[in-house]
Amino acid sequence: MNDILPPDSARWEWFEHIVRTLMRRYGYQNIRTPIVEPTALFVRGLGEVTDIVEKEMYSFADSLNGDLLTLRPEGTAGVVRAVNEHSFLYEGGKRLFYIGPMFRHERPQKGRYRQFHQVGAEVLGFAGPDVDAELILMTVALWRDLGLNVGTDVRLELNSLGQPDERRAHREALIKHLESHADQLDEEARRRLHSNPLRILDTKNAAMQPIVEAAPQLIDFLGESSLAHFDAVKRVLDAVGVNYRVNPRLVRGMDYYNLTVFEWVTDRLGAQGTVCGGGRFDGLIEQLGGKPAPGVGWGLGIERLLLLLQELGIEPPPSAPDAFAVVLAGTPLPLVMSTIESLRDRGVHVLLNPVGQAGPASPKSQFKKADASGARFALVFGPDEVALGQVSVKPLRDGGEQVTRPVAQAGEWAASLRQS
Ligand code: ATP
Ligand code: MG
């Protein structure tokens, strides 16, 4: 679990600002659910035989009342619980998004942490392929807003998991195939053979790749309507010019998915190459006790994405102050601070170097700090000038003359300090 300190936190704020702007553009509204939920929600929602539920959840009994609770490992289950609890789809479908911490007990490494953060988008109550496509197009727009190259820095992988009955038919064929190679299965695969064989296709064990590659593919078991849904999504992506690769072995980690699933992957982060993943979960709302309604969404790992941006040298725009206040010895502080406040009230970003009990530091040291701050101007407050109701404004970057301004009329010249 990481502390996020300045200046790194600026990268987070920049990213979150871009996400919120994007969400507004697409009409997604913010939802905030608790970080702690009943353990049963995730067991029922994600599926008993999944990595998360089997070995990654921070679960505990509340010592005060014995409630079994879990720090949320993902966002969708909580969103669906909230929507059900508040009959939130009563008036029709909703487009929602969240940003926040998730918790998984995994082995910490680059791009994999025990507290990490996700942006998630969920569309609830709409069954059509248009919303699947919209959710993907939104991620494309996000990559572009961040300055990523779509297709090279991040690549889109797409698959369809069909419907439960299609998965059942495939599952039988898959179990048969895997059983006929039982001697080559690792321990985890053998354990999952009858509980969750689809997840075996997702194995990272290189020794099992040949069996996995020869396995029957779910896509060959899809009926007309599932294929039509998949085609409709692909046709929109084609029309907008989004490149993708259909990956028949893409299954995703949670049981709740059906039809469209997708992942955005990168080669730049080693083993932690998936930055965003999502798909349709039409059965989940009902499974968690709600009135049957379809759903589709994605989740994006913020740490991995920020690592990728850093790796590519993509930096947030600098955020230097407009002005740095340099205070000379003997200047009455109340006048200095009230002048600075009237500038700040007018939107000027002013940094005041703390003066301290012994009085201000030497002008030389203050000007050094002013320069290091990146400010465009120094506001020089000296006792003689302040006595005349004035302050000197000295350009630090773009050349130009130092001028003297009346402190009482800050409203007239404040705008000249602001970054246009
Ligand atoms: P992985 O295959 O890498 O374990 P996942 O399939 O478990 O990922 P999801 O549950 O789909 O991941 O979560 C969506 C995104 O959240 C991932 O694509 C990834 O970017 C991020 N993510 C998942 N687990 C972690 C973690 N422990 N630390 C940091 N980011 C994570
Ligand atoms: Mg995982």
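The preceding data block contains the structure.
Since the model is a prediction, treat every value here as computed from it, not as a measurement.

Draft legend 1. Helix 12 (residues 302–311), seen in detail. Burial of helix 12 is extensive: eight of the 10 residues sit out of reach of the surface. Residues Ile302, Glu303, Arg304, Leu305, Leu306, Leu307, Leu308 and Leu309 constitute the buried set of helix 12. Where helix 12 is buried, its residues contact helix 1 (8–26), strand 5 (94–103), strand 6 (115–124), helix 5 (129–146), strand 10 (274–280) and strand 11 (295–301). Of the residues one or two after helix 12, glycine 313 is the one with positive phi, at around 75°.

Draft legend 2. Molecular detail of the packing of helix 1 against helix 5. Contact geometry of helix 1 with helix 5 gives a least axis separation of 10 Å together with a crossing angle of 140°. Regarding the angle of helix 1 to helix 5, the classification is oblique. The handedness of the crossing between helix 1 and helix 5 comes out as right-handed. Residues Trp14, Phe15, Ile18, Val19, Leu22, Met23, Arg25 and Tyr26 of helix 1 lie in contact with helix 5, whose contacting residues are Glu134, Leu137, Met138, Ala141, Leu142, Asp145 and Leu146. For the contact of helix 1 with helix 5, a count of residues per class yields 12 nonpolar, no polar and three charged.

Draft legend 3. Structural context of the environment of aspartate 371. The topology assignment puts aspartate 371 in helix 14 (residues 363–373). What makes aspartate 371 partly exposed here is its relative accessible area of 42%. When the C-alpha positions of aspartate 371 and glycine 100 are compared, they lie 36 Å apart, and in sequence the two are 271 residues distant. In this view, aspartate 371 contacts Leu396 and Arg397; residues no more than four positions away in its chain are not counted.

Draft legend 4. Layout of the side chain of glutamate 303. Tracing the backbone shows glutamate 303 in helix 12. Although glutamate 303 is buried, it forms no salt bridge, and the closest oppositely charged side chain is arginine 304 at an N-O distance of 7.6 Å. Beyond its immediate chain neighbours, meaning those up to four positions away, glutamate 303 contacts Trp12, Tyr113, Gln115, Phe116 and His117.

Draft legend 5. Region of interest: the sheet that holds strand 6. Spatial ordering of the open sheet is given by 1-5-6-11-10-9-7-8, a layout of eight strands whose pairing is mixed. Strands with a single pairing partner mark the edges of an open sheet, and in this sheet they are strand 1 (29–30) and strand 8 (245–246). As judged from the 10 bridges shared by strand 5 and strand 6, these two strands associate in the antiparallel manner. Paired with arginine 95 across the strands is valine 123, a residue of strand 6.

Draft legend 6. Examining empty space enclosed by the protein more closely. All told, the structure shown has two cavities of 30 Å³ or more when counted by the stated rule. Lining the largest cavity are 13 residues, with Leu201, Pro216, Gln217, Pro248 and Arg249 sitting closest to its centre. For the lining of the largest cavity, a count of residues per class yields eight nonpolar, three polar and two charged. Here the second largest cavity is characterised by a volume of approximately 30 Å³. Lining the second largest cavity we find Thr33, Arg72, Gly75, Val79 and Tyr98. Partitioning the lining of the second largest cavity into residue classes produces two nonpolar, two polar and one charged.

Draft legend 7. Up close: the sheet that holds strand 4 (residues 68–71). Pairing in this open sheet of three strands is antiparallel, and the strands run 2-4-3 from one edge to the other. Two strands in the sheet have a free side with no partner beyond their single neighbour: strand 2 (36–38) and strand 3 (59–61). Neighbour-to-neighbour, the strand axes of this sheet turn through a mean angle of 35°, independent of strand direction. Against the sheet, helix 2 (residues 39–46) engages strand 2, strand 3 and strand 4, with an angle of about 75° to strand 2.

Draft legend 8. Here's a closer look at the site of ligand 1. Surveying the vicinity of ligand 1 reveals 16 residues, the closest of which are Arg104, Glu106, Tyr113, Arg252 and Thr274. Contacts to ligand 1 include tyrosine 113, whose backbone N or O atom sits 2.9 Å from a nitrogen atom. Relative to its unbound accessible area of 590 Å², ligand 1 is 89% covered by the protein chains. Within the residue set of the shell around ligand 1, elements represented by two or more residues are strand 6, strand 10 and strand 11. The element that contributes the greatest number of residues to the shell around ligand 1 is strand 10, accounting for three residues. Counted by class, the shell around ligand 1 contains five nonpolar, five polar and six charged residues.

Draft legend 9. A look at the pairing of strand 11. In terms of burial, strand 11 is largely enclosed, as seven of its seven residues are buried. Here strand 11 shows two buried faces, one formed by Gly295, Gly297, Gly299 and Gly301 and the other by Val296, Trp298 and Leu300. Alignment of strand 6 against strand 11, held across seven bridges, turns out to be antiparallel. Of the residues in strand 11, the one forming a bridge with glycine 120 is glycine 299.

Reading the values: rules and limits
Residues numbered from 1 in each chain as written. Chains lettered and ligands numbered in written order. Predicted model: local features only at pLDDT ≥ 70, side-chain atom pairs only at ≥ 80, totals over all residues. Heavy atoms only, no water. Buried < 20%, exposed > 50% of the residue type's maximum accessible area, 1.4 Å probe, protein only. Helix = DSSP H or I, 4+ residues; strand = E, 2+ residues; numbered from the N terminus. Contact = heavy atoms within 4.5 Å. Axes fitted to C-alpha atoms, helices over the stretch in contact; angles between N-to-C directions. Parallel < 35°, antiparallel > 145°, perpendicular 65-115°, else oblique. Left-handed = near helix turned anticlockwise from the far one by under 90°. Nonpolar A, V, L, I, M, F, W, Y, C, P; charged D, E, K, R; others polar. Lys, Arg positive; Asp, Glu negative; His and termini not counted. Salt bridge = Lys/Arg side-chain N within 4 Å of Asp/Glu carboxyl O. Pairing = 2+ DSSP bridges. 1 Å grid on protein atoms, 1.4 Å probe; cavity = no way out; pocket = protein on both sides within 12 Å on 5 of 7 lines; lining within 4 Å. Points joined across faces, edges and corners; volume = space filled by probe spheres on them. Near = heavy atom within 4 Å. Polar contact = N/O pair within 3.5 Å; in protein donor to acceptor, adjacent residues only side chain to side chain. Areas by Shrake-Rupley, 256 points an atom, 1.4 Å probe, with all protein chains shown as cover.

All quantities given are derived from atomic positions and should not be read as evidence of function.
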